Every structure is written in structure tokens, then in C-alpha cells.
Amino acid sequence: MSPTVEDSISLPAPVLAAYSYCETVTGSEARNFAYGIRLLPVAERRAMSALYAFSRRVDDIGDGTLTPGVKADRLGATRDILDRIRDGKVDEDDTDPVAVALADAARRFPIPLGGLDELIDGVLMDVKGVTYESWDDLKLYCRCVAGAIGRLSLGIFGTTPGAPQAERAPEYADTLGLALQLTNILRDVREDAGNGRTYLPADDLAKFGCSDGFEGPNPPAGSDFAGLVHFEVRRARALFAEGYRLLPMLDRRSGACVAAMAGIYRRLLDRIERDPLAVLRGRVSLPGHEKAYVAVRGLSGFDARQIGRQAGRRR
């Protein structure tokens, strides 16, 4: 059951301050997700901000300039904090505001905190420089760093009573996370190459003559870079189509949040598809007014209704 407005108002001052800190982190760092999170009721928005702030801490360790050994130690310490949260050992006056906020959110919502262990495992794969031979290999990584976030978020959203096939909601949330992560990988292909990381599967790169990598504004000589991008776009679109089946299972505000976040990434995918070389020239992004439009569209429930009709025709 979701917390009431009264529950939210009566939060102790240190917990409110901790949530405020997490919302500040989310507003300043979550360029795309913040548009969806703003559509949630207060209690759910705070819980999502706590979840984002913890996840951001994990990502920042992996993306930072520390040595691999120090990164692994920092990730281990972060897992220790997660264990304290899981064991109910974080007090409201703890000096770590993210831990305080996430601990409160975990008491109020059935958040499957093991998903954050998966996130840490995925970032450790980055630290170790793991590469991926096939889509099945990459899919395991994407499930750790993005599918798990979808399942964690579902713990906050819940499903509407009596929603058909609600038992499959975690599966759809996981798949939607994969779609977002694959879009991220396409968008950041040059930036990741500059950081010594290659995420796209080696067999896909070889198929399109792109095994030499992407460290400049031009694709490898003789490659079919556009073909590679369009191939991965089709894969991402199939994941979106499957994952979007989650929307009719959510209440209006939660569905709006998911539709806004996923809608922004689908539009990024459209831009990448139209101009594949753009990802080698710089980061592809949407202007703020377009993100706001996607958020309003999500709040209208249009996407959820459309997907509900499609699912009805398939049954």
C-alpha cells in the first residue's frame, strides 16, 4: 500500500532533509529520468529520488578516475551500506543522507533491494573491463545495470489491483530497462570508446566491419556503421515493444512516469536511426521542450491506453 499524504507530512526532519538531498541530486544529475519522476505523487517521487541517488553513487564510482582496485573497494563499501539498509541498521540521524532516505523508502515500499546488488555487480564488470561477445552476454550486463532498476522501480510503483497478467510486470520492467540501456549504449558509443569501453557485442561489430572501434568522428574504413546502428535500433525497438506492456498494469501517475522516461529514450532512438553518424560526432540529446512534451503525453495516459488496446488485440 502506498504511503498517505499524512505519512509524508509527518516524516522526521532528518528524513525529510535526506529526501530533499536526494531530490536535489536527481534534479541536477538525472537529465532524462527527472522528467518522469516529477509526475509521481510526493511519497513515490521521494522514494524514486532515493533510489536514483544511491544508483548514481554506484555509477559515479565506476565512471570515476580512481584505479580499478580503489573502485572495487569503494563498491564494496557501498554494498556494506546496502547491507545496513537491508538489516534495518540505518538510523534517521545517520550522516549519509542517501542511506537515510533509501532506508525509509525501503520501509514504506516493497523495494527488492537485491536489485542494487545487481547494479553493483554490473559496475564491477565495467571496472574489470569485461567485453561482450554476443547479445546474450551483453544482455546479462544490461539486466544488472538497467533491468534491475526497472524491477526496483516497480517495487515503488506497484501494479493496479486486478491488472491482467500482473505477475509478468517484473519481466516487462526488466525488458524496458534493457531497451533504455541499449539506447544509452548507442548514444554513448564514441564516449565509451574514448574511455576504453566497448559494449556492443563483438559478433555484431565483426558482422558490420566495425571491430576496429569508434575513437573518432568517422566510422572504421570500409565498415557499414549505419547498418550496425540500424541493426541495434531494431533490437532496441523490439525490447521497447515488449517492455511497454507494463504500462497498462500501472496506475495513472506511475504509468505517466514510465511513459515519460521511456518516451524520451524512444525519441533519442528515432534521432539516432535518422542520422547514425551523429553518435560519432557528439552526444545525441533532446531539447527541454521536447522532453516536457513527452512528459505531458505520458501524463495524458495516451501511451498506456494505446498499448492496452494493442495487448487486447494480441490476446
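Scroll up to find the structure.
Residues numbered from 1 in each chain as written. Predicted model: local features only at pLDDT ≥ 70, side-chain atom pairs only at ≥ 80, totals over all residues. Heavy atoms only, no water.

Undergrad: Give me the packing of helix 7 (residues 114-127) against helix 8 (residues 135-157): which residues, what numbers.
TA: For the pair helix 7 and helix 8, interaxial distance at closest approach is 8 Å and the crossing angle is 155°. In terms of orientation, helix 7 and helix 8 fall into the roughly antiparallel class. Like other packed secondary-structure pairs, helix 7 and helix 8 cross with a definite hand, here left-handed. Each of Gly115, Leu116, Glu118, Leu119, Gly122, Val123, Met125 and Asp126 in helix 7 lies in contact with helix 8, whose residues at this interface are Tyr141, Arg143, Cys144, Val145, Ala148, Ile149, Arg151 and Leu152. Split by residue class, the contact of helix 7 with helix 8 holds 10 nonpolar, 2 polar and 4 charged. (Axes fitted to C-alpha atoms, helices over the stretch in contact; angles between N-to-C directions. Helix = DSSP H or I, 4+ residues; strand = E, 2+ residues; numbered from the N terminus. Parallel < 35°, antiparallel > 145°, perpendicular 65-115°, else oblique. Left-handed = near helix turned anticlockwise from the far one by under 90°. Contact = heavy atoms within 4.5 Å. Nonpolar A, V, L, I, M, F, W, Y, C, P; charged D, E, K, R; others polar.)

Undergrad: With reference to specific residues and values, describe the nonpolar core.
TA: Ranked by size, the top nonpolar core spans 100 residues in total, and within it Leu116 and Phe240 carry the most contacts. Filtering out sequence-adjacent residues up to four positions away, Phe240 remains in contact with Leu176, Ala179, Leu180, Thr183, Ala262, Tyr265, Arg266 and Leu269. (Core = buried A, V, L, I, M, F, W, Y, C linked by side-chain atoms within 4.5 Å. Buried < 20%, exposed > 50% of the residue type's maximum accessible area, 1.4 Å probe, protein only.)

Undergrad: Describe the packing of aromatic side chains, and please don't skip the residues or the numbers.
TA: Under the definition given, this model contains 7 aromatic pairs. Between Phe208 and Phe231 the ring centres are 5.7 Å apart and the planes differ by 45°, which places this aromatic pair in the tilted class. Here the residue Phe208 occupies a position in the loop between helix 11 (202-207) and helix 12 (225-243), and Phe231 occupies one in helix 12, the gap between them amounting to 23 residues. The exposure class assigned to Phe208 is buried, which follows from its relative accessible area of 12%. Judged by centre distance (6.3 Å) and plane angle (75°), the ring pair of Phe240 and Tyr244 falls under edge-to-face. (Phe/Tyr/Trp six-rings, centres within 6.5 Å; stacked < 30°, edge-to-face > 60°.)

Undergrad: Run through the state of the cysteines, naming residues and quoting values.
TA: In total, this model carries 0 disulfides according to the counting rule given. Here Cys210 stays unpaired: no disulfide links it, and the sulfur of Cys142, its closest cysteine neighbor, is 18 Å away. The exposure class of Cys210 is buried, given its relative accessible area of 0%. (Disulfide = S-S within 2.5 Å.)

Undergrad: Help me get a handle on the pattern of salt bridges, residues and values and all.
TA: As enumerated under the stated definition, the model contains 29 salt bridges in all. For Glu29, the salt bridge identified is with Arg56, shortest N-O distance 3.2 Å. With Glu29 in helix 2 (residues 13-29) and Arg56 in helix 4 (residues 42-63), this pair connects stretches of sequence that are 27 residues apart. Among the residues examined, Arg56 registers a relative accessible area of 25% and is labelled partly exposed. Where Glu191 meets Arg283, a salt bridge forms, and the shortest distance between an N and an O atom there is 3.2 Å. On the criterion of sequence distance, the pair formed by Glu191 in helix 10 (residues 189-194) and Arg283 in the loop between helix 14 (278-281) and helix 15 (288-299) is long-range, its members being 92 residues apart. (Salt bridge = Lys/Arg side-chain N within 4 Å of Asp/Glu carboxyl O.)

Undergrad: Quick one: what's the story with the environment of Pro219, residue by residue and with numbers?
TA: Following the sequence through the fold, Pro219 ends up in the loop between helix 11 and helix 12. C-alpha separation for the pair Pro219 and Leu277, spaced 58 residues apart in sequence, amounts to 7.9 Å. Leave out the neighbours within four places in its chain, and Pro219 touches Phe225, Leu277 and Leu280.

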